[in-house]
Amino acid sequence: MIQRVKKWLQSLSFRTGVIVLLCCIPFYILSFAQMLLPISAAAKGVLWTILFGLAKTCQYGGLTILGVEGYQRLKAWFRK
């Protein structure tokens, strides 16, 4: 089972990793921006948990797809 997931993640492209990684930005923004909504504190807590969890999932998923070589490639691209 783990080997299948590992093989599947390795088959995804660098571009897919970058897209998944960039998806975490709107989720981070939404997780804190929802605090301005006029809803109950319990609803805000639930929304924050869901949105922040999605942001972390996208972040770690994107880094997993990129891997070490993809991360170094992305870092070099931002330095230019």
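Residues numbered from 1 in each chain as written. Predicted model: local features only at pLDDT ≥ 70, side-chain atom pairs only at ≥ 80, totals over all residues. Heavy atoms only, no water.

It is worth spelling out the overall build of the chain at this point. On a plain count of helices and strands, the chain comes out with four helices and zero strands. Computed over the C-alpha atoms, the radius of gyration of the chain is 16 Å, more than 25% above the 12 Å expected from 2.2 N^0.38 for a compact globule of 80 residues. Seen along its three principal axes, the alpha-carbon backbone of the chain occupies a region of about 45 × 40 × 15 Å. Buried positions account for 20% of the 80 residues belonging to the chain. Considering only residue pairs separated by 6 or more positions, the chain has 68% of its internal contacts joining residues 24 or more positions apart. (Helix = DSSP H or I, 4+ residues; strand = E, 2+ residues; numbered from the N terminus. Rg over C-alpha atoms; globule rule 2.2 N^0.38 Å. Buried < 20%, exposed > 50% of the residue type's maximum accessible area, 1.4 Å probe, protein only. Contact = heavy atoms within 4.5 Å.)

What follows covers the side chain of Gln34. Examined against the element boundaries, Gln34 turns out to sit in the loop between helix H3 (24–33) and helix H4 (41–79). Overall, Gln34 belongs to the buried group, its relative accessible area being 5%. From its side chain, Gln34 meets the backbone oxygen of Ser31 in a polar contact 3.1 Å long. Those residues in contact with Gln34 that sit more than four places away from it in its chain are Lys44, Leu47, Trp48 and Leu51. (Polar contact = N/O pair within 3.5 Å; in protein donor to acceptor, adjacent residues only side chain to side chain.)

Here the chain averages 89 in pLDDT, while 100% of its residues score no lower than 70. Here helix H1 (residues 2–11) is the element of the chain with the lowest mean pLDDT, 80, and H3 is the one with the highest, 95. (pLDDT = per-residue confidence, 0-100.)

This part covers the state of the cysteines. Such a bond, covalent and formed between the sulfur atoms of two cysteines, is termed a disulfide. One pass over the structure, following the stated rule, counts zero disulfides. A disulfide-free cysteine, Cys23 has its sulfur positioned 5.3 Å from the sulfur of Cys58, the nearest such atom. (Disulfide = S-S within 2.5 Å.)

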